[in-house]
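Letter by letter, the chains look like this.
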Amino acid sequence: MKFIIILTVKGFKINMKITFGILAHVDAGKTTFSEQVLYREGVIRALGRVDAKNACMDHDDIERVRGITIFSDMAGFTRGNDTYYLIDTPGHTDFSAEMERALEVMDYAVLMINGTDGIQGHTEAIWNLLDRYHIPVFLFINKLDVISASYERVLAEIRERFSGNILDFQCISLEKGNEVTLTDDLIENVSECDETLLDKWLNDSITSEDLRPAMVSQIKNRKLFPCFGGSALNGEGIEAFLNVFYCSTEASYPVSDPFSGRVFKIRYDGHGERMTYMKILCGVLNVRDSLTADEKVHQIRVFQGERFTALQKAYAGDVVAVTGLRTTRAGQGLGECHDTIVPALQPTLQARVLYSPEIPDRAILQMFHILEEEEPGLSAVWEESLRQLKVNIMGKIQLEVLEQVVLERFQTKISFGQPEIIYMETIEEPITGYGHFEPLRHYSEVALRLEPSARGTGITFESQCHVDRLAINYQNLVRTHVFETIHKGVLTGSELTDIKIILVDGISHIKHTEGGDFREAVYRAIRQGLMKAQCLLLEPYYSFTILIPDQLTGRVLTDITKYSGRFEAPVPDGYGRTLIKGLGPVASFMNYGEELMIMTGGKGSISMMFSHYDRCHNEAEVQDHYQYSPNEDINNPSCSVFCQKGTSFVVNWDHAEEYMHTLR
């Protein structure tokens, strides 16, 4: 049933600034959809196409050659009194970290779904991320011009898999004369939480003025998800979508409050200028404003694809790129925004950077320092003893793109070794480690209690040492040294995590303690504790969702068990397919998507997303592969240095406690 209701303009939204992103699995039509929006809003004069390599939002040469979005890009436009910032994000899983960073500044998201294929592997991961960041979602089922596409089938699938609050908005649109068509389903869903609206609906007296505030509120609070359909390539359904989108969204950012902003991206332009992309959450930002202790804003830019306009000031709600800042990082809060967002997605693979011996190591490190600013997940680590650089990655396609980026931007040819799983280490039971550093005219000693903590908590610190025992300035130094470096485990030399480090005791010398002495003592105490502890190797796990034909359920469950995964009870979807959810080691499941595609003849799908680190399923095998000897790692010593009668000497970790002054 449909209702035709007059929509009045009185009291309509004024001077809003809304940031919305376009997200999807690769090849669902995000960039084409973005082109349609920008064309209709007058940002571009002609529609570009990905296959024609002239899309406004895919202006990077590598993007145009590959035909995929690699870097999130934005364009701003005005509509009436309102300003909108559109962000086109990557769809390939290897570049999902770039997509996640853009979520940090979005007010709304438009999730595109291929009308022929339905939910794909990455679609569910995106949906879960949108839930994590509490972002309201509009859905658009694309490519309905293809014969095999079905709006009804895909709508039923996403309602079954994602939420029953996804509603069909195909028949809801603004028409000439300011009339709006509303469906029975919409009015029922919007009214069910409001008795007054429900009574008016039952009495056939409900109006758009009654309904609109509740509809806007429920969309904003993720209780209602409008779904549309059409063809971005042909422009079908775009206008109907935009009319409802503009009418059903709202945002408010206080201009009068002190400045605060959120950094979501760092990028270097073609001239080597470092740009900090941020959203202004409160207040006003002016050119020459100081945002950090020694840095001022040189320029404020608003981008339209690769073109930009320079501004003297920007206001709350604006999304801008700022030059002049050298120390900002993605996820960082500025001004009155003091927190830093920790991304959910983490690289699970690591690869060695290979380059000609004629290229200085320092030059390679400088290149990857710049790339790491733009992509923090790379976490480039130089191993001095092996003279090699390793980077963390999401997948093999990312490595291919990195090779091209380094060649084009730095005119340097590199390659990469075979990607390997990123392992981590922790401990199973509490242990106390001791570190003493006393070469001639130096002195420091600490006792650190190492306690296992919950998965995903990383390294935490607490001091239980009395200031009468160790002065507060030295305790603060201990804290600094705990967090200033990546501590290695003793099983494979992998990064240490999920440990609480407690300063139990410490000693300084009034005359001989120097600034770096406690660094040495802290490092050695952690290492000595690990050498005594029952250590545990951790590996990354995927959470996965598999959709397969019913007859293949038994075979897939056997595969999951074979690959050391675990699963929930399979659930038939009523359409001849079975849904299986579970967890599995990345090492075992990273290539299972290809295997599943072959097994099902393309009729099955799997979505995998990093979940957490947990006990390694084949620890002995991994240790045997690494052949790591902690006693031979001279960069991470577990021994302590003592001094007696003016002569320094080294004591191995297993005898060090016999000499510790804190134990006397």
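What counts and how
Residues numbered from 1 in each chain as written. Predicted model: local features only at pLDDT ≥ 70, side-chain atom pairs only at ≥ 80, totals over all residues. Heavy atoms only, no water. Axes fitted to C-alpha atoms, helices over the stretch in contact; angles between N-to-C directions. Helix = DSSP H or I, 4+ residues; strand = E, 2+ residues; numbered from the N terminus. Parallel < 35°, antiparallel > 145°, perpendicular 65-115°, else oblique. Left-handed = near helix turned anticlockwise from the far one by under 90°. Contact = heavy atoms within 4.5 Å. Nonpolar A, V, L, I, M, F, W, Y, C, P; charged D, E, K, R; others polar. Buried < 20%, exposed > 50% of the residue type's maximum accessible area, 1.4 Å probe, protein only. Arc of directions from axis to C-beta. Salt bridge = Lys/Arg side-chain N within 4 Å of Asp/Glu carboxyl O.

Novice: Where do I start with the packing of helix H10 (residues 361-374) against helix H11 (residues 396-410) in this structure?
Specialist: The description of two helices packed together rests on the angle between their axes and the distance between the axes. Running from N to C, H10 and H11 cross one another at 120 degrees; their axes reach a closest spacing of 12 Å. Here H11 runs oblique to H10, going by the angle between their axes. Both H10 and H11 take part in a crossing whose hand is right-handed. For the pair formed by H10 and H11, the contact residues are Met 367, Phe 368, Ile 370, Leu 371 and Glu 374 on the first element and Leu 402, Val 405, Val 406, Arg 409 and Phe 410 on the second. A class-by-class count of the residues in the contact of H10 with H11 yields eight nonpolar, no polar and two charged.

Novice: What am I meant to see in helix H16 (residues 592-600) here?
Specialist: Every α-helix winds through 3.6 residues per turn, so residues three or four apart in the chain are directed the same way. Among the residues of H16, those classed as buried are Tyr 592, Leu 596, Met 599 and Thr 600. Projected down its long axis, H16 carries its buried residues within an arc of 80 degrees, all on one side. Structural note: H16 exposes Glu 594 and Ile 598 on the side pointing more than 90 degrees away from its buried face. Residues of H16 that are buried sit in contact with strand E32 (535-549), helix H14 (553-562), helix H15 (586-589) and strand E36 (605-615). Backbone geometry just after H16 places Gly 601 at a positive phi near 65 degrees.

Novice: Teacher, can you tell me more about unusual backbone geometry here?
Specialist: Where the residue is not glycine, phi is negative for most of them; where a peptide bond is considered, it is trans in most cases. Notably, Lys 143 is not glycine yet its phi reads approximately 65 degrees, a positive angle. Of note, Lys 143 is situated in the loop between strand E6 (137-142) and helix H5 (151-161). If you check the backbone angles, Ser 564 has positive phi at about 65 degrees while not being a glycine. Structurally, Ser 564 is set in the loop between H14 and strand E33 (566-567).

Novice: Explain the pattern of salt bridges here, please?
Specialist: Note that side chains of opposite charge can pair when their charged atoms are close. Within the structure shown, the criterion is met by 26 salt bridges. Here Lys 532 makes a salt bridge to Glu 657, at a shortest N to O gap of 2.5 Å. Highlighted residues: Lys 532 in helix H13 (residues 517-532) and Glu 657 in the segment after strand E38 (647-651), separated in sequence by 125 residues. For Lys 532, a relative accessible area of 29% corresponds to the partly exposed category. The partner of Lys 562 in a salt bridge is Asp 559, with the nearest N and O atoms 3.7 Å apart. Here the residue Lys 562 and the residue Asp 559 both occupy positions in helix H14, the gap between them amounting to three residues, near one helical turn. Residue class for Asp 559 comes out buried when judged on its relative accessible area of 7%. It is possible to trace a salt-bridge network through shared partners that takes in Glu 98, Arg 101, Lys 265 and Glu 375.

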